[in-house]
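Single-letter residue listing:
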Protein chains: 2
Amino acid sequence: MTELTESVSRLINEFARLPGIGKKSAERLTYFVLRMHRNEALAFADAIRDVKDNVRYCRDCYNLAETEECAICRDPKRDRQILCVVEQPRDLMALEQTGVYRGLYHVLLGRIAPLEGIGPDQLTIDALVRRVREGSFKELVMATNPTVEGDGTTLYISNLLSEMPAPIRITRLARGITSGSVLEYANKEILSDALTGRREF
Amino acid sequence: MTELTESVSRLINEFARLPGIGKKSAERLTYFVLRMHRNEALAFADAIRDVKDNVRYCRDCYNLAETEECAICRDPKRDRQILCVVEQPRDLMALEQTGVYRGLYHVLLGRIAPLEGIGPDQLTIDALVRRVREGSFKELVMATNPTVEGDGTTLYISNLLSEMPAPIRITRLARGITSGSVLEYANKEILSDALTGRREF
């Protein structure tokens, strides 16, 4: 297109590669950057660069970190006898925001998804098994997503760990109706989870 | 939040400043950048930087350009007797994509908006008057947005130009029903524009 300068169309293309951003949004964002103060735009560019330069995975748990160990693994106040296994750092973040869990984490960096060609080897399952074997964890809280693939990953890991000499207690997140929802709109699966998992009042 | 590294939360904040991107989207985009190849992420950062470093306004028409003159002003095949006035470079782009218009443009870089404190002095109206006075334009196509402010800007400019010694023909974009729309859903204003502007069949 003759009417676009090369830098402008390149930035539109870069924005359009981000998830959930179409061609029109990419154009709008590009015009926004064009009208930003120079310093603000450069701060944005630097923030992208810094994330790639500074952020790495925690040596132990594969959470995001800017040092060898992440802030949670470094925190002396965390309970080192309980380990929560999640798929992604953003799951960890969501759990942390509840403030309910005070143990450590292990981030798998994905889930087993045969259809996408993702096997156990591409995840951090080896490191998890090593941590469990060498550590003194009393409980493993499986917090993978409640999907076919998340459940499959949890099953795979619990099979692997049940073969260990000193078996560990493995739990998973409760399933049932969600707080604030309406019973009549819950589907069969949700309701059968809620019935099966019912607790003393 | 202890669970976020400093670089990660900075990038989330930067994304959240963009229009139409809330906190949750900003987080999702940041995680996407974290999972991008390093080279891709750096290309994105460079594209932002390059837009600020390379793109400026055309000396004559204030379209976006990477040289002193924009691609349209430089193009010898454009009709130099007709000038189309738009609010923003993106309006120019939308008109160019039709392929119907072959004249030159003038970008106002905004519209007169007293409520936002934007007066004629903050736009490129002076430069427009100078171009019209010094050029040999036969027609001025006013293509500001069909809003109160766009119409007001067009009125202001046509008053200004009517005082010139050799008055120029001033037109504006046709208004009426939009192709592909349904008559019964058009509002009163659209229908009265369509009736007033009716043409021989």
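For every chain, the first residue of the written sequence is number 1, and numbering continues from 1 onward in sequence order. Each chain is given a letter, starting from A, and each ligand a number, starting from 1, according to the order in which they appear as written. Selection of residues for local features in this predicted model requires a pLDDT of at least 70, selection of side-chain atom pairs for listing and counting requires 80 or more, and totals for whole chains, interfaces and linings are taken over all residues. Calculated side-chain values reflect all of the structure's heavy atoms, with hydrogen atoms and water omitted.

Trainee: Even after reading the chapter, I still don't get the overall build of chain A, so can you show me in this structure?
Mentor: Across its full length, chain A holds eight helices and six strands. Helices and strands appear in chain A in the N-to-C order α-α-α-β-β-α-β-α-β-α-β-α-β-α. Projected onto its principal axes, the C-alpha positions of chain A cover 65 × 50 × 35 Å. We call a residue buried when its accessible area falls under 20% of the maximum for its residue type, exposed when it is over 50%, and partly exposed in between, using a 1.4 Å probe and counting protein chains only. Looking at the 201 residues of chain A, the share that counts as buried comes to 43%. Look at the contacts in chain A between residues 6 or more apart in sequence, and 46% of them connect residues 24 or more apart. Areas reported here follow the Shrake-Rupley algorithm with a probe of radius 1.4 Å; residue values treat only the protein chains shown as occluding. Accessible surface for chain A amounts to roughly 11600 Å². Of this, 52% is attributable to carbon and sulfur atoms. Here a helix means four or more residues in a row that DSSP labels H or I, a strand means two or more in a row labelled E, and each is numbered from the N terminus. Any two residues whose heavy atoms approach within 4.5 Å are treated as being in contact.

Trainee: Where do I start with the relation of the copies chain A and chain B in this structure?
Mentor: Mapping between the two chain copies consists of a rotation about an axis together with a translation along that axis. Our superposition of the copies is a least-squares fit, built on the C-alpha atoms of residues whose pLDDT is at least 70 in both. Note on the identical chains: chain A maps onto chain B by a rotation of 180 degrees and an axial translation of 0.0 Å, with an RMSD of 0.1 Å. Overall, the copies show the geometry of a two-fold rotation axis. For chain A, the residue whose C-alpha comes nearest the rotation axis is Ala45 of chain A, separated from it by 2.2 Å. Of the residues that chain A buries at the interface, 100% are likewise interface residues in chain B, meaning the two copies contact each other through the same surface.

Trainee: Please clarify how the sheet that holds strand E5 (residues 139-142) of chain B should be interpreted in this entry.
Mentor: Each strand in a sheet pairs with its neighbour through backbone hydrogen bonds, running either in the same direction (parallel) or in the opposite one (antiparallel). All names here are of chain B. In short, DSSP must find at least two bridges between two strands for them to pair. If you walk across this open sheet you meet the four strands as E4-E3-E5-E6, and the pairing is parallel. On the outer flanks of this sheet lie strand E4 (103-107) and strand E6 (169-172), each paired with one strand and no other. The sheet shows a mean angle of 25 degrees between the axes of neighbouring strands, direction not considered. Direction of pairing for strand E3 (residues 79-86) relative to E5: parallel, over a ladder of four bridges. Each axis is a line fitted through C-alpha atoms, taken for helices only over the stretch in contact, and angles between the N-to-C directions span 0 to 180 degrees.

Trainee: What is the right way to read the sheet that holds strand E3 (residues 79-86) of chain A from this model?
Mentor: All names here are of chain A. Spatially, four strands are ordered E4-E3-E5-E6 in an open sheet, and the strand pairing comes out parallel. Only two strands of the sheet have a single partner each, and these edge strands are strand E4 (103-107) and strand E6 (169-172). Looking at each pair of strands side by side, their axes are set apart by 25 degrees on average, direction ignored. Looking at chain direction, strand E5 (residues 139-142) and E6 are connected through four bridges and run parallel. By the bridge assignment, Val141 is partnered in E6 with Thr171. Packed onto the sheet, helix H5 (residues 89-96) meets E3 and E4 and runs at close to 155 degrees relative to E4.

Trainee: Please explain the interface of chain A and chain B as it appears in this structure.
Mentor: How large an interface is tends to be reported as the accessible area lost when its parts come together. At the interface, 56 residues of chain A touch 56 residues of chain B. Together chain A and chain B conceal approximately 5400 Å² of surface at their shared face, both sides included; 64% is due to carbon and sulfur atoms. A side-chain nitrogen of Lys or Arg and a carboxyl oxygen of Asp or Glu constitute a salt bridge if their distance falls within 4 Å. On inspection of chain A and its partner chain B, the count reaches eight salt bridges. For the salt bridge of Asp50 of chain A with Arg10 of chain B, the shortest nitrogen-to-oxygen distance reads 2.4 Å. Distance and chemistry together define a polar contact, namely a pair of N or O atoms within 3.5 Å, with one atom able to donate a hydrogen and the other to accept it when in protein, and with adjacent residues in sequence counting only for side-chain atoms on both sides. For the pair chain A and chain B, the interface holds 24 residue pairs in polar contact (both at pLDDT 80 or more). For the side of chain A that touches chain B, the secondary structure elements donating two or more residues are helix H1 (6-16), helix H2 (23-35), helix H3 (38-54), strand E2 (64-65), helix H4 (71-74) and H5 of chain A. In terms of residues, the side of chain A that touches chain B owes the most to one element, H3 of chain A, which gives 16 residues. Polarity classes work like this: nonpolar for Ala, Val, Leu, Ile, Met, Phe, Trp, Tyr, Cys and Pro, charged for Asp, Glu, Lys and Arg, and polar for all others, with Gly in that last group. In the side of chain A that touches chain B, the residues fall into 30 nonpolar, eight polar and 18 charged. Values labelled buried area give the accessible surface lost by two parts on being combined, using a 1.4 Å probe and summing over both.

Trainee: Please explain the side chain of Glu96 of chain B as it appears in this structure.
Mentor: All names here are of chain B. Among the secondary structure elements, Glu96 is positioned in helix H5 (residues 89-96). Of note is the side chain of Glu96, whose polar atom sits 2.9 Å from the side chain of Arg78. Looking at Glu96, its side chain comes within polar contact range of the side chain of Tyr105, at 2.6 Å.

Trainee: Just to check I follow, could you spell out a nonpolar patch on the surface for this structure?
Mentor: On the surface, Ile177, Leu183, Ile190 and Leu191 of chain B cluster together to form a nonpolar patch covering roughly 320 Å² of accessible area. Owing to a relative accessible area of 30%, Leu191 of chain B belongs among the partly exposed residues under this scheme. Residues qualify for a patch when their relative accessible area is over 30% and they have no salt bridge, like charges being joined within 9 Å and the nonpolar side chains of Val, Leu, Ile, Met, Phe, Trp and Tyr within 5 Å.

Trainee: Any chance you could explain the pattern of salt bridges here in plain terms?
Mentor: Close approach of charged atoms allows side chains with opposite charge to pair. In total, this model carries 30 salt bridges over all chains according to the counting rule given. Residues Glu149 of chain B and Arg111 of chain B are paired through a salt bridge, measuring 3.0 Å at the closest nitrogen-oxygen approach. Of this pair, Glu149 of chain B sits in helix H7 (residues 148-162) while Arg111 of chain B sits in the loop between E4 and helix H6 (125-134); the two residues are 38 residues apart in sequence, bridging distant segments of the chain. On the basis of relative accessible area, Glu149 of chain B is assigned to the partly exposed category, the value being 22%. On the basis of relative accessibility, which here comes to 19%, the residue Arg111 of chain B falls in the buried class. One network of salt bridges, with partners in common, ties together Arg59, Asp60, Glu68 and Glu69 of chain A.

Trainee: Help me out: how do you make sense of empty space enclosed by the protein in this one?
Mentor: Once rolled over the atoms, a probe with the size of a water molecule shows which space is left empty. Only protein atoms enter the 1 Å grid, on which a cavity is a set of points fitting a 1.4 Å probe that cannot get out and a pocket is an open set with protein on both sides within 12 Å along at least 5 of 7 lines, lining residues being those with an atom within 4 Å of a point. Grid points are joined across faces, edges and corners, and a volume is the space filled by probe spheres set on the points. Counted according to the given criterion, the structure contains two cavities of 30 Å³ or more. There is about 50 Å³ of room inside the largest cavity. Looking at the largest cavity, the residues that line it are Tyr57, Leu64, Gln88, Pro89, Arg90 and Leu109 of chain A together with Tyr31, Leu34 and Arg35 of chain B. Of all the secondary structure elements, the ones that give two or more residues to the lining of the largest cavity are H5 of chain A together with helix H2 (23-35) of chain B. Along the lines of polarity and charge, the residues of the lining of the largest cavity split into six nonpolar, one polar and two charged.

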